[in-house]
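A structural walkthrough
Okay, here's what each chain looks like letter by letter:
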Amino acid sequence: MLKFSTRGQYALLVMTDLAEHNSEKYVPLKLLSHRRNLSVKYLEQILIQLAKANLVIGLRGLNGGYKLVKPASEYTVGEILRVMEGDLSCISVTENNTVKTLGNETFWKDLDKTINDYVNSVTLDQIAKKNAEGSNFNYCI
């Protein structure tokens, strides 16, 4: 079963946060931690992995933090999830003597293609824009 870990989910959440607050300035780790209610240590592990994959850039010091390397429209969800999760295939590799059937094999390959096509079609910018639509709530008492 294809299941995404919290590391993958949080990586996408943090990347979306950076996209929503896209500026030339670095976003401090503590601010990201506070906004997303994640521990600094756990968030740091995720951001280090994203930085190694050249998806974010980090800067130490007083004005340090993290920012996106490229525009949010150039990142896909698939790219981000693969950094954290590895291959997104829902097909397990088995080396046994089971008889394969064309119908079953076609189904699993088509499902795998559908999943990968979808995560490759959604950009970070699209998620950030959708989040912005939902943040315009007006509360009145």
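A brief look at the structure comes next. (Residues numbered from 1 in each chain as written. Predicted model: local features only at pLDDT ≥ 70, side-chain atom pairs only at ≥ 80, totals over all residues. Heavy atoms only, no water.)

Some details on the layout of surface pockets
- The calculated volume of the second largest pocket comes to roughly 200 Å³.
- Around the second largest pocket, the lining residues are Pro28, Leu29, Glu44, Ile48, Gly58, Leu59, Arg60, Gly61, Leu62, Gly64, Gly65 and Tyr66.
- Only α3 (40–52), β1 (56–59) and β2 (65–68) provide two or more residues apiece to the lining of the second largest pocket.
- Of the residues that constitute the lining of the second largest pocket, the class distribution is 6 nonpolar, 4 polar and 2 charged. (1 Å grid on protein atoms, 1.4 Å probe; cavity = no way out; pocket = protein on both sides within 12 Å on 5 of 7 lines; lining within 4 Å. Points joined across faces, edges and corners; volume = space filled by probe spheres on them. Helix = DSSP H or I, 4+ residues; strand = E, 2+ residues; numbered from the N terminus. Nonpolar A, V, L, I, M, F, W, Y, C, P; charged D, E, K, R; others polar.)

Structural notes on empty space enclosed by the protein
- Evaluation of the coordinates by the stated rule reveals 1 cavity of 30 Å³ or more.
- Surrounding the largest cavity, Leu18, His21, Asn22, Ser23, Lys25, Val27, Tyr66, Lys67 and Leu68 form its lining.
- Element by element, the count of residues in the lining of the largest cavity is highest for β2, at 3 residues.
- The residue inventory of the lining of the largest cavity, partitioned by class, reads 4 nonpolar, 3 polar and 2 charged.

So, the nonpolar core
- Ranked by internal contacts, the top residues of the largest apolar core, which has 29 residues, are Met15, Leu47, Leu50, Val56, Leu68, Ile80 and Leu124.
- Residue assignment for this core shows that the elements contributing at least two residues are α1 (6–20), α2 (29–36), α3, β2, α4 (77–85) and α6 (124–134).
- With 6 residues, α1 is the largest single contributor of residues to this core.
- Discounting residues that sit within four places of it in the chain, leucine 50 has contacts with Ala11, Met15, Leu55, Val56, Ile80, Val83 and Met84. (Core = buried A, V, L, I, M, F, W, Y, C linked by side-chain atoms within 4.5 Å. Buried < 20%, exposed > 50% of the residue type's maximum accessible area, 1.4 Å probe, protein only. Contact = heavy atoms within 4.5 Å.)

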